[in-house]
Amino acid sequence: MPILPFRQPGLRDGLGVDAARLMDGFSIEVMPRTAAKIADFRAIVPKGTRIYIAHLEGTPIDDMIATARRLRGEGFAVMPHFPARIIAGPDELNHWINRYRHEADVTEALVLAGGPTTPVGGLDSSMQLLETGYFEAAGFERLHVAGHPEGNRDIDPDGGTNAVDQALLWKQDYAARTGTQMAIVTQFAFEAAGVLAWERRLRGLGVTLPIHLGVAGPAKLQTLLKFAVACGVGASLSVLQKRARDVTKLLMPFEPDALLSDLAAGIADDPGNLISQIHLFPLGGIEASAAFAAKARGQSGAAHDETKLTIQTERSI
């Protein structure tokens, strides 16, 4: 596998400078079975990159721990998912936390409700996970929470935002009370205007947490449409649907260049904007997303063969 030559910031020849800068410090998401197909992550992403490990229902915790240990050994910041609804109860939560901490040297986590509609135990929300105090007791220093730029009817069935807004404010208060480093990581979207409006609305509510915006990496249009529908992407889905009307583009990889450029322009015009990083969902394969990130940041590197990745539907808080 070729090593991508990670050059110094400022050597940009991909997107515009502002959009390329937005990709600096990007994070990426994997699962145990997709990570196993990558011989060495150091060959495709910069050292220290934050790698999230999605925990789908049915994935053995041993596989999650082994993947976390391997990635930590390769020098990456590792952030496993803790989906409340697939955790049997507080005792299992505490067991998982301590296994990550002591077996894989993990000190970061994404806490969320998860995709299943029915909890396997008594835990139903990320707030319940945080309230246990187990993360602080084990020495976890950074906890991320889910954001929903296009709303979430699992949380607000009426299509409003009251419940999700109050939850974010509660989590922000929790971070302040406990000294936890916290950020909001979002579901992926395809259109910048709605995302920028959502960010401004959060600021108006008093939210100050940094936002790591979810962006779908390069993938076939058909693949993106499938995942967008499964993950509840709303208004910005029209961007893909419009492109799909051109049958000549159905089999061509769709890259988020326009989204990143529009976001960068909006952020540049609004210095108080909370969007600080990009989180890549590698729907068209880990190597393809890593190569896109290198190109976007003004580095060389070619996309590799597509690796299929099933992304957990993060419906809830």
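Residues numbered from 1 in each chain as written. Predicted model: local features only at pLDDT ≥ 70, side-chain atom pairs only at ≥ 80, totals over all residues. Heavy atoms only, no water.

A. Structural detail: the overall build of the protein. Looking only at helices and strands, the protein features 12 helices and 10 strands. For the protein, the residues scored as buried account for 55% of the 317 residues in total. (Helix = DSSP H or I, 4+ residues; strand = E, 2+ residues; numbered from the N terminus. Buried < 20%, exposed > 50% of the residue type's maximum accessible area, 1.4 Å probe, protein only.)

B. Fine view of the packing of aromatic side chains. All told, the structure shown has eight aromatic pairs when counted by the stated rule. Aromatic pair phenylalanine 82 and phenylalanine 140: ring centres 6.5 Å apart, planes at 85°, arrangement edge-to-face. Here the residue phenylalanine 82 occupies a position in strand β3 (residues 77-83), and phenylalanine 140 occupies one in the loop between α6 (134-137) and β5 (142-147), the gap between them amounting to 58 residues. Each member of the pair phenylalanine 82 and phenylalanine 140 is classed as buried. Connected via pairs of aromatic rings, a cluster forms that spans Phe82, Tyr100, Phe135 and Phe140. (Phe/Tyr/Trp six-rings, centres within 6.5 Å; stacked < 30°, edge-to-face > 60°.)

C. Main features of the nonpolar core. Counting residues in each nonpolar core, the largest one holds 71 residues, and the members touching the most others are Phe41, Phe82 and Phe135. Those residues within four positions of phenylalanine 82 in sequence are excluded, and the remaining contacts are Ile87, Leu93, Trp96, Ile97, Tyr100, Ala109, Leu110, Val111, Leu112, Leu129 and Phe135. Core analysis: the next-biggest nonpolar cluster, separate from the first, contains eight residues, Ala219, Leu221, Phe254 and Phe281 among them. (Core = buried A, V, L, I, M, F, W, Y, C linked by side-chain atoms within 4.5 Å. Contact = heavy atoms within 4.5 Å.)

D. Expanded view of helix α11 (residues 257-268). Taking 1.5 Å of rise per residue, the 12 residues of α11 would be expected to cover 16 Å, and the 16 Å separating its terminal C-alpha atoms lies within 8% of that figure. Three or more residues of α11 are buried, namely Leu259, Leu260, Leu263, Ala264, Gly266 and Ile267. Projected down its long axis, α11 shows its buried positions confined to an angular sector of 165°, all on one face. Looking at the buried residues of α11, the elements they touch are α1 (17-23), α8 (192-205), β7 (211-216), β10 (275-281) and α12 (286-296). (Expected span 1.5 Å × (residues − 1). Arc of directions from axis to C-beta.)

These results come straight from atomic positions and should not be treated as a statement about function.
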